[in-house]
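For reference, the chains in residue letters:
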Amino acid sequence: MLLSARGITKSFTGVKALDGVDFDVRPGEVHVLLGENGAGKSTLVKILAGVHAPDRGTVHRAPGTRLAVIHQELALVPRLSVAENLFLGRPPRRWGFVDKARMRHDARRLLDRVGLAVDPDTPVGDLGIAGQQMVEIARALDLDAQVLVLDEPTAVLTDTETDRLLGIVAGLREQGVGLVFITHHLDEIRRVADRITVLRDGRSVGTLPRGATVERMIELMVGRTIAEQYPRRRERPGEVLLSVEGLTRAGAFHDVSFQVRAGEVVGIAGLVGAGRTEVVRAAFGVDRYDSGRVEVAGRPLPGHDVGAALRAGLGLVPEDRKGQGLVLTSTVGDNLGLVTLRTTARSGLVDRVGQRRRAREMAAALRVRTAGLDRPVGELSGGNQQKVVIGKWLMADPKVLVLDEPTRGVDVGAKVEIYELVNRMTAAGRAVLLVSSDLPEVIGMSDRIVVMAHGRVAGELPAGTTQDKVMALAVQEFQA
Ligand SMILES: Nc1ncnc2c1ncn2[C@@H]1O[C@H](COP(=O)(O)OP(=O)(O)OP(=O)(O)O)[C@@H](O)[C@H]1O
Ligand SMILES: [Mg+2]
């Protein structure tokens with residue numbers, strides 16, 4: 001045994017995160033840790049890594065065993081370059097000075113290992129979130145640890161990158177490395193797991209062998225079965241609520257046009273770098289565009305003006321929830337009310353009581369796991385923070401809600417609850433623009449799918465299309 005934890009118990013203010021958990025890692029195995037959002041997975045990882053001390057229980061490591069951890073929250077410094085991040089705190093030196101040439105060279109070698117084609121001098125903050133994740137992975141690989149813990153490494157990756165990562169994982173297992181792998185993508189678990197330990201409410205409820213079915217995993221994890229994973233209820237489309245016409249920004253996207261009608265869920269699919277996030281951010285006014293036109297409910301929307309977008313009834317759940325979606329030091333309740341505060345003012349006064357009631361209802365609908373609405377949102381587990389970002393925008397009840405990768409890091413049960421709230425919005429005559437790299441999700445929940453490739457619209461597909469058809473458009477090449 002490389003690592004073994006016995007009877008781990010840990011409480012935070014108001015919550016028992018772990019309660020008597022046993023867990024161990026053998027050489028040459030992938031031990032998956034599975035559980036709903038807030039079940040205690042990341043807390044266990046932090047205890048194994050020595051970030052937190054347990055209240056009770058012990059962690060024993062075989063002598064000489066090095067442990068590398070890729071935590072759920074990215075730990076990069078955005079302003080520093082890729083190379084500087086890779087060797088943060090341990091740069092190669094020559095005559096006492098940082099050897100920049102060698103650092104760049106070593107960085108290239110590491111980036112090759114994870115298949116990330118970027119210039120090592122690029123500021124890490126300029127990479128997309130998937131690129132940042134790959135940098136984290138490269139950094140951990142360089143530590144040559146005997147135990148590697150990956151806490152939701154694939155949440156922000158696309159299928160291609162995930163395949164590459166799973167290949168790396170298989171290679172490390174061959175070499176005798178013990179791996180702990182956390183993911184909410186149950187199909188990945190079937191591909192890599194040697195055994196699966198399931199946590200529920202801080203307790204270990206069982207360990208499944210390799211080859212366990214998805215149904216069995218869900219049952220053990222949520223204590224019930226899920227009848228329908230994508231419960232989309234279609235509405236008859238009404239007036240055009242969002243119209244994007246010929247939107248162009250040099251080097252990012254070109255001549256992008258689409259419409260979203262009341263009652264519709266329109267999906268935007270495409271590979272990473274296809275320009276999906278760039279287009280929706282520009283349409284929402286976060287970033288500028290060079291030419292084109294955006295209209296909300298028939299009225300032109302000025303460019304690069306988030307305030308105007310909000311007033312016109314647009315909402316945006318961004319892909320980078322940590323950076324753009326939440327005030328981590330504020331409470332759960334205040335975060336849920338962030339957008340609504342200005343609209344719920346009654347006779348000039350902010351309606352705090354109504355606000356609190358609505359926040360409580362939303363937290364319950366999404367089953368946000370928190371010790372209370374007054375707790376700082378930064379204390380919540382990753383998936384529960386994601387639910388708060390979505391809840392905040394659902395509470396604001398915009399005419400058109402743009403969801404950019406809404407269910408990243410969200411457990412299977414909570415996904416269904418988010419989809420039900422999407423249904424509720426469209427039933428009320430609102431519209432949803434769903435950007436997602438999760439193909440089953442975008443196919444299962446969209447009424448139509450706009451596929452982007454290389455910054456352009458490659459085509460549109462109807463509901464119920466196949467993954468192959470989406471991919472065929474997504475890899476399309478254009479004449480310059
Ligand atoms: N620093 C902290 N302060 C207070 N509570 C915390 C802290 N860290 C975790 N918790 C609480 O402990 C519980 C378990 O959280 P943890 O992050 O381990 O869940 P998780 O299984 O990793 O969930 P997810 O799938 O959402 O990442 C949650 O209720 C969470 O709010
Ligand atoms: Mg976690």
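Residues numbered from 1 in each chain as written. Chains lettered and ligands numbered in written order. Predicted model: local features only at pLDDT ≥ 70, side-chain atom pairs only at ≥ 80, totals over all residues. Heavy atoms only, no water.

The name given to the chain in an unreviewed UniProt entry is ABC-type D-ribose transporter, ATPase subunit, with the source organism recorded as Saccharothrix espanaensis.

### With respect to the overall build of the chain
For clarity, the threshold we go by: Each helix is a run of H or I in the DSSP string that is no shorter than four residues. Each strand is a run of E no shorter than two, and both are numbered from the N terminus. The quantity called the radius of gyration is restricted to C-alpha atoms. Its globule counterpart is 2.2 Å times the number of residues to the power 0.38. Accessibility here uses a 1.4 Å probe with only protein chains present; expressed as a share of the type maximum, an area under 20% marks a residue as buried, one over 50% as exposed, and anything in between as partly exposed. For this analysis, residues touch if any pair of their heavy atoms sits within 4.5 Å. Areas reported here follow the Shrake-Rupley algorithm with a probe of radius 1.4 Å; residue values treat only the protein chains shown as occluding. When charges are tallied, Lys and Arg are placed among the positive residues and Asp and Glu among the negative ones, while His and the ends of the chain are skipped. Where a charge lies is defined by one atom per residue type, namely NZ (Lys), CZ (Arg), CG (Asp) and CD (Glu).
Counting secondary structure elements, the chain contains 16 helices and 21 strands. Here the C-alpha atoms of the chain give a radius of gyration of 23 Å, agreeing with the 23 Å that 2.2 N^0.38 yields for 480 residues. Residue burial in the chain is summarised as follows: out of 480 residues, 55% are buried. Long-range pairs, those at least 24 residues apart, make up 67% of the contacts in the chain between residues at least 6 apart in sequence. Put simply, the chain shows about 20700 Å² of open surface, and 49% of that area lies on carbon and sulfur atoms. The distance from the centre of the 64 positive side-chain charges to the centre of the 59 negative ones in the chain is 4 Å.

### Topic: the coordination of the magnesium ion (ligand 2)
Put simply, the rule reads: The donor set covers N, O and S atoms within 2.8 Å of the metal, switching to 3.2 Å for Na, K and Ca, and it leaves out water, so a site may look short of donors.
For the magnesium ion (ligand 2), the protein coordination sphere consists of Ser42 (OG) and Gln72 (OE1), at 2.1 Å. Of this pair, serine 42 sits in helix α1 (residues 41-48) while glutamine 72 sits in the loop between β5 (67-70) and α2 (82-86), and the two are 30 residues apart along the sequence. Each member of the pair, serine 42 together with glutamine 72, is buried.

### Some thoughts on the site of ligand 1
The condition is simple: We call a residue near a molecule or strand whenever a single non-hydrogen atom of that residue lies within 4 Å of it. What qualifies as a polar contact is a pair of N or O atoms within 3.5 Å, subject to a donor-acceptor requirement within protein and to the restriction that residues adjacent in sequence count only when both atoms come from side chains.
Every one of the 21 residues lining ligand 1 counts as a neighbour, but Gly38, Lys41, Thr43, Ser381 and Gly383 are closest to it. Within the side chain of glutamine 72, one N or O atom sits 3.0 Å away from an oxygen atom of ligand 1. In this structure, glutamate 379 approaches ligand 1 through a main-chain N or O atom, which is 3.1 Å from an oxygen atom. Protein coverage of the free-state accessible area of ligand 1, which is 640 Å², stands at 90%. Those elements giving two or more residues to the shell around ligand 1 turn out to be β2 (15-25), α1 and α13 (382-396).

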